[in-house]
Amino acid sequence: MALKKSKQRDMIKSFLMGRKDHPTADVIYMNVRQENPNISLGTVYRNLTLLSDIGEIQRLRVGDGVDHFDAD
């Protein structure tokens, strides 16, 4: 299934690709929001789930009870 192009998804992915750590959804949201103040936390979560489901990013569980994400 081909995904429709999404500006928000692209922003999330490019933010992740520029990171060497594994930020949480909240960290990603705070940073992406500086570029796009209208983005919602729900949008960030939905896109992170989608991107990890289709294998474009990894969802990491590091034992702190919060999902972390990696584009590598």
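The rules behind each value
Residues numbered from 1 in each chain as written. Predicted model: local features only at pLDDT ≥ 70, side-chain atom pairs only at ≥ 80, totals over all residues. Heavy atoms only, no water. Pairing = 2+ DSSP bridges. Helix = DSSP H or I, 4+ residues; strand = E, 2+ residues; numbered from the N terminus. Core = buried A, V, L, I, M, F, W, Y, C linked by side-chain atoms within 4.5 Å. Buried < 20%, exposed > 50% of the residue type's maximum accessible area, 1.4 Å probe, protein only. Contact = heavy atoms within 4.5 Å. Arc of directions from axis to C-beta.

### Some details on the pairing of strand 2 (residues 67-70)
For step 1, the next point in the chain: Taken together, the 4 bridges between strand 1 (residues 58-61) and strand 2 define a ladder with antiparallel strand orientation. Note on strand 2: the bridge partner recorded for Gln58 is Asp70.
For step 2, the next point in the chain: Counted along the chain from strand 1 to the antiparallel partner strand 2, the turn is 5 residues long, and its residue Gly63 has a positive phi close to 95°.

### So, the nonpolar core
Proteins that are soluble and globular tend to have nonpolar side chains buried together.
For step 1, the next point in the chain: Counting residues in hydrophobic clusters, the biggest one holds 15 residues, and the most contacted among them are Ile12, Ile28 and Leu48.
For step 2, the next point in the chain: Among the secondary structure elements, those contributing two or more residues to this core are helix 1 (7-17), helix 2 (25-35) and helix 3 (41-53).
For step 3, the next point in the chain: Once residues lying within four places of it in the same chain are set aside, the contact partners of Ile28 are Ile12, Phe15, Leu16, Pro23, Val44, Leu48 and Phe69.

### A short note on helix 1
For step 1, the next point in the chain: Three or more residues of helix 1 are buried, namely Arg9, Met11, Ile12, Phe15 and Leu16. With its buried residues spanning 160° around the axis, helix 1 presents them on a single face. Every exposed residue of helix 1 that faces more than 90 degrees away from the buried side is listed here: Lys7 and Met17.
For step 2, the next point in the chain: Packed against the buried residues of helix 1 are helix 2, helix 3 and strand 2.

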